[in-house]
Amino acid sequence: MQIAKVRGTVVSTQKDPSLRGAKLLLLQFVDEEGKLLPGYEVAADIVGAGLDEWVLVSRGSAARIASGNETRPLDALVVAIIDTINIDNRQIYSKKDQDR
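Residues numbered from 1 in each chain as written. Predicted model: local features only at pLDDT ≥ 70, side-chain atom pairs only at ≥ 80, totals over all residues. Heavy atoms only, no water.

Draft legend 1. Molecular detail of the overall build of the protein. On a plain count of helices and strands, the protein comes out with one helix and seven strands. Reading the secondary structure of the protein in the N-to-C direction produces β-β-β-β-β-β-β-α. Within the protein, the fraction of its 100 residues that count as buried is 35%. Sequence-distant contacts, at least 24 apart, represent 53% of the contacts inside the protein between residues at least 6 apart. On the protein, roughly 6200 Å² of surface is accessible, and the fraction owed to carbon and sulfur atoms is 49%. (Helix = DSSP H or I, 4+ residues; strand = E, 2+ residues; numbered from the N terminus. Buried < 20%, exposed > 50% of the residue type's maximum accessible area, 1.4 Å probe, protein only. Contact = heavy atoms within 4.5 Å. Areas by Shrake-Rupley, 256 points an atom, 1.4 Å probe, with all protein chains shown as cover.)

Draft legend 2. Summary view of the pairing of strand β4 (residues 54–59). Alignment of strand β1 (residues 2–10) against β4, held across four bridges, turns out to be antiparallel. Note on β4: the bridge partner recorded for Ile-3 is Leu-56. Sheet analysis places β4 next to strand β5 (residues 76–81), joined by five bridges and oriented antiparallel. Bridge pairing links Val-55 to Ile-81 in β5. (Pairing = 2+ DSSP bridges.)

Draft legend 3. Main features of the sheet that holds β5. Strand order in the closed barrel made by the five strands is β1-β2-β3-β5-β4, with mixed pairing throughout. Sheet twist, expressed as the average angle between the axes of neighbouring strands with direction ignored, equals 55°. The pairing of strand β3 (residues 41–45) with β5 spans two bridges and is classified as parallel. Its bridge partner lying in β5, Asp-45 is registered against Val-78. (Axes fitted to C-alpha atoms, helices over the stretch in contact; angles between N-to-C directions.)

What follows is the structure in structure tokens.
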């Protein structure tokens, strides 16, 4: 899994039928210091993440293991919304602080 920040949404009216009803998010990955990495990726969302939230992303074949996604052509899936991240007794992210 990787950590990413939700930067936006993706809307597609023409898509594979198995993707109907899937919410698509535009993500930007985060490094171990909490800095945004260059580049973006689109991922399906099963947890209801919103703009600017930090999330856990499952990629590759693991993205299709989640219930209901076994037949979807997914490369990335948002599987959790992050509340806090601590590294070496140092907090690099807190959802509570972000909401202020």
